[in-house]
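Read off the chains here:
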Amino acid sequence: MFFFELVLIFFFALFLSFLASFFNVVIFRTAKEESFVKGRSKCESCHQQIAWYDNVPLLSFLLLRGKCRHCHKKIARIYFLSELLAFVLGLTFAVAYLQLPSLQLLPIQQLMLYFLFTFVLLFALLADLQYLIVPDFFVALLIILAVLAQLFSGENWLLPILAVLFSSVFFYALYFSASKILHKPALGFGDIKLMIPLAFLLSWPKVILSIFLAFIIGGIFAMLLLLTGKKKIGQALPFAPFLIVAFLITFVFGEAIWQWYFGFLF
Ligand SMILES: [Zn+2]
C-alpha cells in the first residue's frame, strides 16, 4: 500500500470516531430530551463543561484514564468503546475495499452509502439497547442515505416505495390491533419509523423476509428470556434490535436465503 493510501485510511477511520463521538451525544441528549445542536458537553457527574482538548475521541479518554478532569468520576466506558469500534470499522472497510477486487465491482459512492447506513444503524441499535429509544435524527439520516443509495443505483423507485408502504401498513395494523387487545402499546412507534429506511433499502420482496426473520429472532429471544426468568410476560422488550439484525442478515444474505427457500419448495 502506498503512503498516501495509509494516510487516507487513517483519516477516514478518525473521521468515523469523531462521528461516533457526536452520535453518542445525540443518543444521550435525545434520551434526556435536550437539544444536541446547542450547548457544550458537560460532565454527567459534576456538570462542568468539558474543554475541547478533553473531548477528543479515543485520545482524551486514554489521557484522562477514563475519569473526569474536575471530579475524577469515571466516564462511561461505552463512549470509548463505540469510538474505538468506529475506528476499527473504518480501517476494516477501507482495507477490505482496497484489497478485495469483488468489492470494487460496486461503485464506491454506493458502497460508501451502504457502509454509512450500517454505521448509523449500529448507533440506532446502541441507543435502543441503552435507553429504549431510536432518535428521530438517526431515522432521518438513514432515510437520506437510503434515498441517495437508490439514486446512485439507478434502479426503479416503485419497488422500494412498495416495500415502505407494505411495512408501514403491516406494523401500523399490528400496533393498532395489539393496543386494542392488550390495552397498552406492544410495539414502539419508533420501531415503525425505523422500518421506513430499512424497508426502502431492502426493497420488495426482501422486506417480507426481513420482517419474518425479525419475528423469528425476536420470538426465540423472548422465549429464552421467559424461560430463564429474566423477563415476565407483558414486560416490554425492545423490538428495534431484532429489526436491525434481521435487516442486516437479509441485506447481506437475502438473495441466498430466498433461493435456498424456493429451491426447497419446487
Ligand atoms: Zn466531573
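Residues numbered from 1 in each chain as written. Predicted model: local features only at pLDDT ≥ 70, side-chain atom pairs only at ≥ 80, totals over all residues. Heavy atoms only, no water.

(A) Main features of the overall build of the chain. In terms of regular secondary structure, the chain is built from nine helices and zero strands. For the chain, long-range pairs separated by at least 24 residues make up 68% of all intrachain contacts whose partners lie at least 6 apart in sequence. Entry remark: accessible area of the chain is about 16200 Å², with carbon and sulfur atoms responsible for 72%. Of the charged side chains in the chain, 18 are positive and 11 negative, and the gap between their average positions amounts to 12 Å. (Helix = DSSP H or I, 4+ residues; strand = E, 2+ residues; numbered from the N terminus. Contact = heavy atoms within 4.5 Å. Areas by Shrake-Rupley, 256 points an atom, 1.4 Å probe, with all protein chains shown as cover. Lys, Arg positive; Asp, Glu negative; His and termini not counted. Charge placed at Lys NZ, Arg CZ, Asp CG, Glu CD.)

(B) Spatial organisation of the confidence of the model for the chain. Counting all residues, the mean pLDDT for the chain is 88, and 95% of those residues have values of 70 or more. Ranking the elements of the chain by mean pLDDT puts helix H9 (residues 240-265) last, at 86, and helix H5 (residues 136-153) first, at 94. (pLDDT = per-residue confidence, 0-100.)

(C) The arrangement of the coordination of the zinc ion in detail. Bound to the zinc ion are the protein donor atoms Cys43 (SG), Cys46 (SG), Cys68 (SG) and Cys71 (SG), situated 2.3 Å from the metal. Around the zinc ion sit four donor atoms; with metal-centred angles ranging over 106 to 115°, the donor geometry is tetrahedral. Read in sequence order, the donor residues coordinating the zinc ion give the pattern C-x2-C-x21-C-x2-C. Of this pair, Cys46 sits in the loop between helix H1 (3-31) and helix H2 (59-63) while Cys71 sits in the loop between H2 and helix H3 (77-99), and the two are 25 residues apart along the sequence. Accessibility expressed as a relative area gives 30% for Cys46, which makes it partly exposed. (Donors = N, O, S within 2.8 Å, 3.2 Å for Na, K, Ca; no water. Tetrahedral: all angles 85-135°; square planar, octahedral: opposite > 155°, others 65-115°. Buried < 20%, exposed > 50% of the residue type's maximum accessible area, 1.4 Å probe, protein only.)

(D) Structural detail: the packing of aromatic side chains. Enumeration according to the criterion identifies 30 aromatic pairs in this entry. Ring geometry for Phe23 against Phe138: centres 5.1 Å apart, planes inclined by 70°, an arrangement best described as edge-to-face. Of this pair, Phe23 sits in helix H1 while Phe138 sits in helix H5, and the two are 115 residues apart along the sequence. Plain terms: the ring middles of Phe170 and Phe215 are 6.1 Å apart, the flat faces sit at 80° to each other, and that makes the pair edge-to-face. Of this pair, Phe170 sits in helix H6 (residues 158-182) while Phe215 sits in helix H8 (residues 206-227); the two residues are 45 residues apart in sequence, bridging distant segments of the chain. In this structure an aromatic cluster arises from ring pairing among Phe12, Phe22, Phe23, Phe93, Phe115, Phe119, Phe123, Phe137 and Phe138. (Phe/Tyr/Trp six-rings, centres within 6.5 Å; stacked < 30°, edge-to-face > 60°.)

(E) Representation of the packing of H6 against H8 in the model. Two elements in contact, H6 and H8, have axes whose closest approach is 10 Å; the angle formed by their N-to-C orientations is 30°. Compared by their axis directions, H6 and H8 come out roughly parallel. In this structure, H6 uses Ala163, Phe166, Ser167, Phe170, Phe171 and Leu174 to contact H8, whose residues at the interface are Val207, Ile208, Ile211 and Phe215. When its residues are assigned to classes, the contact of H6 with H8 shows nine nonpolar, one polar and no charged. (Axes fitted to C-alpha atoms, helices over the stretch in contact; angles between N-to-C directions. Parallel < 35°, antiparallel > 145°, perpendicular 65-115°, else oblique. Nonpolar A, V, L, I, M, F, W, Y, C, P; charged D, E, K, R; others polar.)

(F) Region of the structure containing the domain arrangement of the chain. The domains assigned to the chain are domain 1 (1-105) and domain 2 (106-266). One C-alpha centre belongs to domain 1, the other to domain 2; they are set 26 Å apart. Every contact between the two is made by 25 residues of domain 1 and, on the other side, 20 residues of domain 2. Both sides together, the interface formed by domain 1 and domain 2 hides about 1900 Å², and carbon and sulfur atoms give 87% of it. Contact with domain 2 buries area across many residues of domain 1, yet Phe23, Ile27 and Phe93 alone supply 33% of it, more than any other trio. The interface formed by domain 1 and domain 2 holds zero salt bridges in total. Breaking the side of domain 1 that touches domain 2 down by element, the ones donating at least two residues are H1 and H3. Across the side of domain 1 that touches domain 2, the residue classes tally to 19 nonpolar, five polar and one charged. (Domains from an automatic or database assignment. Buried area = accessible area lost by both parts, 1.4 Å probe. Salt bridge = Lys/Arg side-chain N within 4 Å of Asp/Glu carboxyl O.)

(G) Region of interest: the side chain of Asn24. As for its position among the elements, Asn24 is in helix H1. Here the side chain of Asn24 touches Ser82 through a polar contact of 2.9 Å, side chain to side chain. Here Asn24 is in contact with Tyr79, Ser82, Phe123 and Leu126, once residues within four sequence places are set aside. (Polar contact = N/O pair within 3.5 Å; in protein donor to acceptor, adjacent residues only side chain to side chain.)

(H) Spotlight on the pattern of salt bridges. If you walk through the whole model with that rule in mind, you get three salt bridges. In this structure, Arg69 engages Asp54 in a salt bridge whose closest nitrogen and oxygen atoms are separated by 2.6 Å. Of this pair, Arg69 sits in the loop between H2 and H3 while Asp54 sits in the loop between H1 and H2, and the two are 15 residues apart along the sequence. What makes Arg69 partly exposed here is its relative accessible area of 44%. Look at Asp54 and you get buried, because its relative accessible area is 13%.

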